[in-house]
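Results of the structural survey
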Amino acid sequence: MAGIYTTTSHPDGYHGLAWFEIRGNQIYTTVSHPDGYSGLAWFEIRGNQIYTTVCHPDGYHGLAWFEISGQQIYTTVSHPQGYHGLAWYEIR
């Protein structure tokens, strides 16, 4: 399982502990996430795109909120806060 960590570009800054973990094509919160561990997948990976699931607090939206490029994760124009051009997360 890979962890997803915030970067210094994330609005909440770098925290050093994984906020999410990847299991297969699903992304779950960890106990280090500000909202805690939920046990339900908040996101689903399809190709290099990340979509919310029905279990996400904001629900399923049908448009990718994030895009994976290498080990970096960027917001897309469909994200509620828009595209920023700097990676918000890093996969390790």
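Preceding this section is the structure that the text describes.
Thresholds applied
- Numbers given to residues run from 1 along each chain, matching the order in which its sequence is written.
- Only residues with pLDDT of at least 70 get local features here, since the model is predicted, and only at 80 or more are side-chain atom pairs given and counted; chain-wide, interface and lining totals rely on the full set of residues.
- Hydrogen atoms and water are omitted, and side-chain values are computed over all heavy atoms in the structure.
- Secondary structure is summarised from DSSP: a helix means a run of H or I of at least four residues, a strand means a run of E of at least two, and numbering begins at the N terminus for each.
- C-alpha atoms define the radius of gyration, and 2.2 Å times the number of residues to the power 0.38 defines the globule rule.
- Residue exposure (1.4 Å probe, protein chains only): buried if accessible area is under 20% of the type maximum, exposed if over 50%, otherwise partly exposed.
- The contact definition used throughout considers only heavy atoms, calling two residues in contact when any of these lie within 4.5 Å.
- In short, Shrake-Rupley with a 1.4 Å probe defines the accessible areas, and a residue's cover is counted only from the protein chains shown.
- Think of a salt bridge as a Lys or Arg side-chain nitrogen and an Asp or Glu carboxyl oxygen that are within 4 Å of each other.

**Observations concerning the overall build of the chain**
Counting its regular elements, the chain contains 0 helices and 8 strands. Taking 2.2 N^0.38 as the reference for a compact globule, 92 residues should give roughly 12 Å; the C-alpha atoms of the chain span a radius of gyration of 12 Å, in line with that estimate. With the C-alpha coordinates aligned to their principal axes, the bounding extent of the chain is approximately 30 × 30 × 20 Å. A buried classification covers 46% of the 92 residues belonging to the chain. Partitioning the intrachain contacts of the chain with sequence separation of at least 6 by distance along the chain shows that 18% fall at a separation of at least 24. Carbon and sulfur atoms make up 53% of the accessible area of the chain, which amounts to about 4,900 Å² in all.

**Comments concerning the pattern of salt bridges**
A complete count under the given rule lists 3 salt bridges for this structure. Across the pair Glu-44 and Arg-46 runs a salt bridge, and its minimum N-O distance is 2.7 Å. Note on Glu-44: relative accessible area 22%, which makes it partly exposed. Take Arg-46: its relative accessible area is 36%, and that puts it in the partly exposed class. Residue Arg-92 is joined to Glu-90 by a salt bridge in which the shortest nitrogen-to-oxygen separation is 2.9 Å. Looking at Arg-92, the relative accessible area reads 44%, which means it is partly exposed. Using a relative accessible area of 26% as the deciding quantity, one classes Glu-90 as partly exposed.

**A closer look at the environment of Pro-57**
Tracing the sequence through the fold places Pro-57 in the loop between strand S5 (49–52) and strand S6 (66–69). A sequence separation of 15 residues divides Pro-57 from Trp-42, and the C-alpha atoms of the two residues are 7.7 Å apart.

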